[in-house]
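Spelled out from the first residue to the last, the chains are:
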Amino acid sequence: GKSRGKRPRKPTLPMCLKLLKQLTKTPDAEPFLVPVDAEELGLDDYHERVQNPMDLGTILEVLQSGKIVGWANIKYKSPLDFRKDVQLVWDNCRLYNDQPEDLWIREMCDRCEENFNRLWREQNFQAYYEYQSVS
């Protein structure tokens, strides 16, 4: 039938770069823009507890390198790979900052994740992957 509407456009890695640039301009993204400097911050157990550190700046660099080396030659093969690394940023933050006095950073994390999810929906990533999963 017609009710399903037309197939949403397939999201691309350049679209991920655009989305991430928008996200990094939001105030809540600030703590997540650079790798956690565990030594500088005196977080002796950080690398013990966080096995796979990730930050938005590192993801941005990977995507920006696509313009130079070619999109097919970066570690993300699809927007879903990109999304996994973004999710890792939130997961790591919540894993490490699990004390009552860490509430402020968890709240920034929540808002940043909400912003990401909103952009993901607004820019039709969500629609495409939902369409994929039902067709």
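Residues numbered from 1 in each chain as written. Predicted model: local features only at pLDDT ≥ 70, side-chain atom pairs only at ≥ 80, totals over all residues. Heavy atoms only, no water.

Moving on: the packing of aromatic side chains. A full pass over the atoms with the stated rule returns 8 aromatic pairs. When the ring of Trp120 is compared with that of Phe125, the centres are 4.4 Å apart and the planes differ by 15°; the resulting orientation is stacked. Each member of the pair, Trp120 as well as Phe125, carries the same accessibility label: buried. The structure contains a cluster of three or more aromatic residues connected by ring pairs, namely Tyr76, Phe82, Phe116, Trp120, Phe125, Tyr128 and Tyr129. Of note, Arg83 hangs over the ring of Trp120, and the distance from its end group to the ring centre comes to 4.7 Å. (Phe/Tyr/Trp six-rings, centres within 6.5 Å; stacked < 30°, edge-to-face > 60°. Buried < 20%, exposed > 50% of the residue type's maximum accessible area, 1.4 Å probe, protein only. Lys NZ or Arg CZ within 6 Å of the ring centre and 35° of its normal.)

In this section: the layout of surface pockets. When its volume is computed, the largest pocket comes out at roughly 430 Å³. For the largest pocket, the lining is made up of 22 residues, of which Val36, Leu43, Tyr46, Asn97 and Ile105 are closest to its centre. Contributions of two or more residues to the lining of the largest pocket are made by α2 (46-49), α4 (79-96) and α5 (103-122). Per-element tally for the lining of the largest pocket: the top contributor is α4, with 4 residues. Broken down by class, the residue content of the lining of the largest pocket amounts to 14 nonpolar, 3 polar and 5 charged. (1 Å grid on protein atoms, 1.4 Å probe; cavity = no way out; pocket = protein on both sides within 12 Å on 5 of 7 lines; lining within 4 Å. Points joined across faces, edges and corners; volume = space filled by probe spheres on them. Helix = DSSP H or I, 4+ residues; strand = E, 2+ residues; numbered from the N terminus. Nonpolar A, V, L, I, M, F, W, Y, C, P; charged D, E, K, R; others polar.)

This next bit is on the pattern of salt bridges. Per the stated rule, a full pass over the model turns up 8 salt bridges. For Asp85, the salt bridge is made with Lys75, and the minimal N-O distance between the two is 2.9 Å. Taken together, the residues Asp85 in helix α4 and Lys75 in the loop between α3 (56-69) and α4 connect sequence positions 10 residues apart. The salt bridge partner of Arg94 is Glu113, with a shortest N-O separation of 2.6 Å. Taken together, the positions of Arg94 in helix α4 and Glu113 in helix α5 put the pair 19 residues apart, joining distant regions of the chain. Classification of Glu113 as buried rests on a relative accessible area of 16%. (Salt bridge = Lys/Arg side-chain N within 4 Å of Asp/Glu carboxyl O.)

One way to put it is that helix α1 (residues 13-24) packs onto α3 with a least axis distance of 10 Å and a crossing angle of 145°. The chirality of how α1 crosses α3 is left-handed. Of the residues in α3, those touching α1 at Leu13, Cys16, Leu17, Leu20, Lys21, Leu23 and Thr24 are Leu56, Ile59, Leu60, Leu63, Gln64 and Lys67. (Axes fitted to C-alpha atoms, helices over the stretch in contact; angles between N-to-C directions. Left-handed = near helix turned anticlockwise from the far one by under 90°. Contact = heavy atoms within 4.5 Å.)

By size, the foremost hydrophobic cluster in this structure holds 32 residues, and its most contacted members are Phe32, Leu56, Ile59, Leu63, Phe82 and Trp90. Within the residue set of this core, elements represented by two or more residues are α1, α3, α4, α5 and α6 (125-134). (Core = buried A, V, L, I, M, F, W, Y, C linked by side-chain atoms within 4.5 Å.)

Remark: α1 packs on α5, axes separated minimally by 10 Å, with the N-to-C direction vectors making an angle of 145°. The hand of the α1/α5 crossing is right-handed. The segment α1 lies against α5, with Leu19, Gln22 and Leu23 engaging Cys112, Asn115, Phe116, Leu119 and Trp120. In the contact of α1 with α5, the residues fall into 6 nonpolar, 2 polar and no charged.

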